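Given next are the chains, with one letter for each unit.
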Amino acid sequence: MKCPRCEKPRMKTWSELNDEEREVVKRLPASAEYTLEERQATHQWCTRCWYEKRATDVHG
């Protein structure tokens, strides 16, 4: 899936992120709304602009 914010060709799942990227993800605003476990299981991230696609997002 392409990032809806910056058009980067592919967003990553938790398992595709490297250790540095995971540390950034842990500090993103969605960490206040969702548990880390839920984010790991259902969210995707753009490593260019750090857009976070939630499981409930309808676009993309």
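See the structure shown above.
Now for a look at the structure at hand. (Residues numbered from 1 in each chain as written. Predicted model: local features only at pLDDT ≥ 70, side-chain atom pairs only at ≥ 80, totals over all residues. Heavy atoms only, no water.)

**Considering the nonpolar core**
In this structure, W14, L17, V25, L28 and W45 together form the largest nonpolar core, which totals 5 residues. Leave out the neighbours within four places in its chain, and W14 touches R22, V25, K26, L36, Q40 and W45. (Core = buried A, V, L, I, M, F, W, Y, C linked by side-chain atoms within 4.5 Å. Buried < 20%, exposed > 50% of the residue type's maximum accessible area, 1.4 Å probe, protein only. Contact = heavy atoms within 4.5 Å.)

**Digging into the pattern of salt bridges**
Any two side chains of opposite charge can pair, so long as their charged atoms come close to each other. Evaluated as defined, the whole model comprises 7 salt bridges. Residues E7 and K2 are paired through a salt bridge, measuring 3.1 Å at the closest nitrogen-oxygen approach. Of the charged contacts, one joins E33 and R54 as a salt bridge, the two residues approaching to 3.8 Å between their closest N and O atoms. Of this pair, E33 sits in the loop between α1 (19-25) and α2 (36-42) while R54 sits in the segment after β2 (52-53), placing them 21 residues apart in sequence. Linked by salt bridges that have partners in common, E23, K26 and R27 make up one network. (Salt bridge = Lys/Arg side-chain N within 4 Å of Asp/Glu carboxyl O. Helix = DSSP H or I, 4+ residues; strand = E, 2+ residues; numbered from the N terminus.)

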